[in-house]
Amino acid sequence: MIKPAYENRSDKDIRYPDFNEVYDLAVLSYQMDNKKDDTLIEVLRDLSDFNLFWSHGDEIPPIANYPTEHYWLTCTKCLY
């Protein structure tokens with residue numbers, strides 16, 4: 001399902017699929033094969049419904065340079 005999602009975007013400006021596109025292709029594949037929903041589809045549906053992942057068309061883009069970004073968590077007070 002991931003590979004066909006990338007293939008569907010091969011002629012687009014943004015060449016990688018978003019999560020919803022992968023989910024939609026999974027649902028279509030299951031419907032075409034007349035398969036019942038299983039845990040894979042249930043998990044994909046839940047993750048898609050909660051909008052946890054960036055989608056094409058979102059106003060706020062994902063982190064552009066994640067490997068070069070550094071985030072530090074410091075603990076100034078620890079409770080015992």
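Just above, that's the structure.
Because the structure is predicted, anything quoted here is derived from the model rather than measured. (Residues numbered from 1 in each chain as written. Predicted model: local features only at pLDDT ≥ 70, side-chain atom pairs only at ≥ 80, totals over all residues. Heavy atoms only, no water.)

1. Things to note about the side chain of Ser-48
Then, in step 1: With respect to the element layout, Ser-48 can be found in helix α3 (residues 39-49).
Then, in step 2: Within the structure, the side chain of Ser-48 is placed 2.6 Å from the side chain of Asn-20, a separation counted as a polar contact.
Then, in step 3: Not counting the four nearest positions on each side in its chain, Ser-48 is found in contact with Phe-19, Asn-20 and Tyr-23. (Helix = DSSP H or I, 4+ residues; strand = E, 2+ residues; numbered from the N terminus. Polar contact = N/O pair within 3.5 Å; in protein donor to acceptor, adjacent residues only side chain to side chain. Contact = heavy atoms within 4.5 Å.)

2. Here we look at unusual backbone geometry
Most peptide bonds are trans, and most residues other than glycine sit at a negative phi.
Then, in step 1: Of note, Asn-34 is a non-glycine position whose phi angle comes to about 55 degrees, a positive value.
Then, in step 2: Within the secondary structure, Asn-34 sits in the loop between α2 (19-32) and α3.
Then, in step 3: Asn-34 gets classed as exposed once you look at its relative accessible area, which sits at 72%. (Buried < 20%, exposed > 50% of the residue type's maximum accessible area, 1.4 Å probe, protein only.)

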